[in-house]
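# Examination of the molecular architecture
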Amino acid sequence: AQVINMILGGEGVCPAFYQKAIDAAVERGSIIVAAAVNEDVDASGVAPAGCQNVITVGATGATGARSFYSNYGSVVDVSAPGGDPNTDDGIASTVDKSETSPEEPAYGYMMGTSQAAPHVSGTPALLRAIDPALTTEEATNLLQNTSTPLSHSDRDALGTGIIKANGAVEE
């Protein structure tokens, strides 16, 4: 896979087996995006968000501020819309109307870093179409350098800013 979107989390620093798997995927050319997860704690203590060689994504609400539930900290590289019940209804997502058997698709509003991370994952995928040799470090730098800046307090919690896919692709 060229871009891997990881929306999972477990307590504790990055286990050696996670890091080994991530490093192996990166060595094969994958870019890995990890949701910061939704516990309102420092993401460095959550895996895979706190692992090396991943792009860690926090969530913002409609105002651009950190969503109250989003994990935060120095390992968060960038942020993206994830919804916040204090400012919006969430992110429109496809859902199944039935809880027991597949039915026709519908839309529902969901919240979380699991909504934010796919916004970010799509951008390295577009960038890879332009430059197939793009590395995780290069993708992270592009995302950070072209993101919409956050206030100082939110920058400490949520990386450099909210991604702007068009800015990264045009760069």
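To keep things clear, this report deals only with the structure shown in the data block. (Residues numbered from 1 in each chain as written. Predicted model: local features only at pLDDT ≥ 70, side-chain atom pairs only at ≥ 80, totals over all residues. Heavy atoms only, no water.)

### Considerations on helix H2 (residues 113-130)
Here is the rule we go by: Secondary structure counts use DSSP, requiring at least four H or I residues in a row for a helix and at least two E residues in a row for a strand, with both numbered from the N terminus. One less than the residue count of a helix, multiplied by 1.5 Å, gives the span that helix is expected to have. Relative accessible area decides the class of each residue, using a 1.4 Å probe on protein chains only: under 20% of the type maximum gives buried, over 50% gives exposed, and in between gives partly exposed.
Compared with an ideal rise of 1.5 Å per residue, which puts 18 residues at 26 Å, H2 spans 27 Å between its outermost C-alpha atoms and is within 8% of the ideal. Along H2, the residues that are buried comprise Thr113, Gln115, Ala116, Ala117, Val120, Ser121, Thr123, Pro124, Leu127 and Arg128.

### A look at the layout of surface pockets
In this approach a probe as big as a water molecule rolls over the atoms, and the regions it shows empty are the leftover space. Rules: Cavity means a closed set of points on a 1 Å grid over the protein atoms alone, one where a 1.4 Å probe fits but cannot get out, pocket means an open set with protein on both sides within 12 Å along at least 5 of 7 lines, and lining means a residue has an atom within 4 Å of a point. Grid points are joined across faces, edges and corners, and a volume is the space filled by probe spheres set on the points. In the scheme used here, Gly and all other residues not listed as nonpolar or charged are polar, with Ala, Val, Leu, Ile, Met, Phe, Trp, Tyr, Cys and Pro taken as nonpolar and Asp, Glu, Lys and Arg as charged.
Counted as a void, the largest pocket has a volume near 170 Å³. Surrounding the largest pocket, Ala49, Cys51, Gln52, Asn53, Val54, Thr56, Val75, Asp77, Thr136, Glu137 and Thr140 form its lining. Broken down by element, the residue count for the lining of the largest pocket peaks at 3 residues, all from helix H3 (residues 136-145). Partitioning the lining of the largest pocket into residue classes produces 4 nonpolar, 5 polar and 2 charged.

### Some words on the nonpolar core
Proteins that are soluble and globular tend to have nonpolar side chains buried together. Rule in force here: Working definition of a nonpolar core: buried Ala, Val, Leu, Ile, Met, Phe, Trp, Tyr and Cys residues. They are joined through side-chain atoms within 4.5 Å. Any two residues having at least one pair of non-hydrogen atoms within 4.5 Å are treated as being in contact.
By size, the foremost hydrophobic cluster in this structure holds 19 residues, and its most contacted members are Ile55, Val57, Val78, Val120 and Leu143. At the level of elements, strand S3 (31-35), strand S5 (55-60), strand S6 (76-81), H2 and H3 are the ones that each hand at least two residues to this core. Sorting elements by how many residues they give to this core places H2 first, with 4 residues. When sequence neighbours within four positions are dropped, the list of residues in contact with Val57 reads Val33, Ala34, Ala35, Ala36, Val76, Val78, Ser79, Ala80, Thr113, Ala116, Ala117 and Val120. With 8 residues, the next largest nonpolar core counts Ile22, Ala34, Cys51 and Val54 among its residues.

### Side note on the packing of aromatic side chains
Centre-to-centre distance and the angle between the planes together describe a pair of aromatic rings. Note the cut-off: Under the pairing criterion, centres of Phe, Tyr and Trp rings, with the six-membered ring standing for Trp, must be within 6.5 Å; the plane angle then separates stacked pairs below 30 degrees from edge-to-face pairs above 60, leaving the rest tilted.
This model, assessed by the stated rule, comprises 2 aromatic pairs. Centroid distance Phe17 to Tyr18: 5.1 Å. Interplanar angle 90°. Geometry classified as edge-to-face. Its relative accessible area of 59% is what places Phe17 among the exposed residues. Measuring from centroid to centroid gives 5.4 Å for Phe68 and Tyr69, while their planes differ by 80°, and the two rings are edge-to-face. Its relative accessible area of 45% is what places Phe68 among the partly exposed residues. On the basis of relative accessibility, which here comes to 9%, the residue Tyr69 falls in the buried class.

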